[in-house]
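Coordinate inspection notes
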Amino acid sequence: MLADEETTQRRYERVVGAVTLIATLAAAGFAGGAYVQAKRQGDIAQEALIESDHPFLQLSAKSNPDIVRAGEAYISVSLKLTNVGSKVAMLDRAEFALADDSNLAPTVASVTRPGLINLAWF
């Protein structure tokens, strides 16, 4: 009778051990998934923080009524640069010139950073 009880006890211990092992592996799997999600969310938050901390300049252009001088009409445009970032922004590489066909070559020659020339034809 003792042998039967001992066999039953060992079988019970093996079943409980197997169930415990399966539960432990499942818990480890869920914990690993939670870690991956938390890391992903942390990386997204880190990128958002870095991006929000940059200085940004916003350019807006407003067309004004045309100006007439000496019988000729001139287009009037107001440009506005606004710092919309949390840090001070600085416009470092801005250079522009207004030119027409008669003074295009001297105007382009006067630009100190020729790599930044962008011509628009209207």
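Look a little higher up for the structure.
To keep things clear, this report deals only with the structure shown in the data block.

Cut-offs used in this document
- Residues numbered from 1 in each chain as written.
- Predicted model: local features only at pLDDT ≥ 70, side-chain atom pairs only at ≥ 80, totals over all residues.
- Heavy atoms only, no water.
- Helix = DSSP H or I, 4+ residues; strand = E, 2+ residues; numbered from the N terminus.
- Buried < 20%, exposed > 50% of the residue type's maximum accessible area, 1.4 Å probe, protein only.
- Polar contact = N/O pair within 3.5 Å; in protein donor to acceptor, adjacent residues only side chain to side chain.
- Contact = heavy atoms within 4.5 Å.
- Salt bridge = Lys/Arg side-chain N within 4 Å of Asp/Glu carboxyl O.

**With respect to the side chain of Asn64**
Within the element layout of this structure, Asn64 appears in strand 1 (residues 57–69). Taking the relative accessible area as the measure of exposure, Asn64 reaches 19% and is therefore buried. Side chain to side chain, Asn64 and Ser78 meet in a polar contact 2.7 Å long. Not counting residues within four places of it along the chain, the set of residues in contact with Asn64 comprises Ser76, Val77 and Ser78.

**A look at the pattern of salt bridges**
Following the criterion strictly, the structure yields two salt bridges and no others. Ionic pairing is found between Arg10 and Glu6, a salt bridge with its closest N-O pair at 2.9 Å. Within this pair, Arg10 and its partner Glu6 are both found in helix 1 (residues 2–52), separated by four residues, close to a single helical turn. Look at Glu6 and you get partly exposed, because its relative accessible area is 44%. With a shortest N-O distance of 3.3 Å, Lys39 and Asp43 are connected by a salt bridge. Of this pair, Lys39 and Asp43 both sit in helix 1, separated by four residues, roughly a single helical turn. On the accessibility criterion, Lys39 (41% relative accessible area) is partly exposed.

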